[in-house]
Number of protein chains: 2
Amino acid sequence: MKARVHITLRPSILDPQGNAIEGALAGLGFEGVSGVRQGKVIELELADTDEAAARSKVEDMCKKLLANPVMENYEIELVG
Amino acid sequence: MKARVHITLRPSILDPQGNAIEGALAGLGFEGVSGVRQGKVIELELADTDEAAARSKVEDMCKKLLANPVMENYEIELVG
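Residues numbered from 1 in each chain as written. Chains lettered and ligands numbered in written order. Predicted model: local features only at pLDDT ≥ 70, side-chain atom pairs only at ≥ 80, totals over all residues. Heavy atoms only, no water.

A.B. asks: In this structure, what is going on with the sheet that holds strand S3 (residues 72-79) of chain B? I would like to understand it.
C.D. replies: In any sheet, the strands associate via hydrogen bonds between backbone groups, in a parallel or an antiparallel arrangement. If you walk across this open sheet you meet the six strands as S3(A)-S1(A)-S2(A)-S2(B)-S1(B)-S3(B), and the pairing is antiparallel. Unpaired on one side and paired on the other, strand S3 (72-79) of chain A together with S3 of chain B mark the two borders of the sheet. In this sheet, neighbouring strand axes are inclined to one another by 20 degrees on average, regardless of whether the strands run parallel or antiparallel. Where strand S1 (residues 2-9) of chain A and S3(A) come together, eight bridges link them in antiparallel fashion. Residue pairing across strands places Ile7(A) opposite Tyr74(A), the latter belonging to S3(A). Taken strand by strand, helix H1 (residues 16-27) of chain B contacts strand S2 (33-46) of chain A together with strand S2 (33-46) of chain B, and its axis lies near 125 degrees from that of S2(B). Here helix H2 (residues 51-66) of chain B sits on the sheet in contact with S2 of chain A together with strand S1 (2-9), S2 and S3 of chain B, set at roughly 150 degrees to S3(B). (Pairing = 2+ DSSP bridges. Helix = DSSP H or I, 4+ residues; strand = E, 2+ residues; numbered from the N terminus. Axes fitted to C-alpha atoms, helices over the stretch in contact; angles between N-to-C directions. Contact = heavy atoms within 4.5 Å.)

Structural data, given as structure tokens:
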């Protein structure tokens, strides 16, 4: 089973990388772009076949390693 | 209109960051995890209301700034 984890900064946390992208897009002439935020995606292949077990395992991985729950939100998506 | 761009390394490109995560997960006792790859997500708010126009604009942004087409694939998702 394949899992995709989206990790984004919490809305209250400043995102300097997103701001830099926003500035660069404006500099390139792209207008009307705002609220740019950058996050991470982590894709993993799991040996588990049970969806509920896989989800709770990935949730556990997020809490222990993948995300920083103080500053980041995560979203788990299971594929296949 | 909100856009989400997923940028991932092409499958043929080595991903040392993904390998590091895979090693760390194994070290924490998570078994059966393989093929870990790390990518980026960029979220943006666009002033455009036309879906086709917005998509082609974001595609243009990917080619010019957001992604490196030699090493990375990108996927555009429009929300609302």
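A.B. asks: How should the relation of the copies chain A and chain B be read in this particular structure?
C.D. replies: Relating one copy of the chain to the other requires a rotation about an axis plus a shift along that axis. Superposition record for chain A on chain B: RMSD 0.0 Å, screw rotation 180 degrees, translation along axis 0.0 Å. Both copies of the chain, as the preceding transformation shows, are related through a two-fold rotation axis. Taking C-alpha positions as reference, the residue of chain A nearest the rotation axis is Lys40(A), located at 2.2 Å. By residue overlap, the copies meet face to face through one surface: 100% of the interface positions of chain A are interface positions in chain B. (Least-squares fit on C-alpha atoms with pLDDT ≥ 70 in both.)

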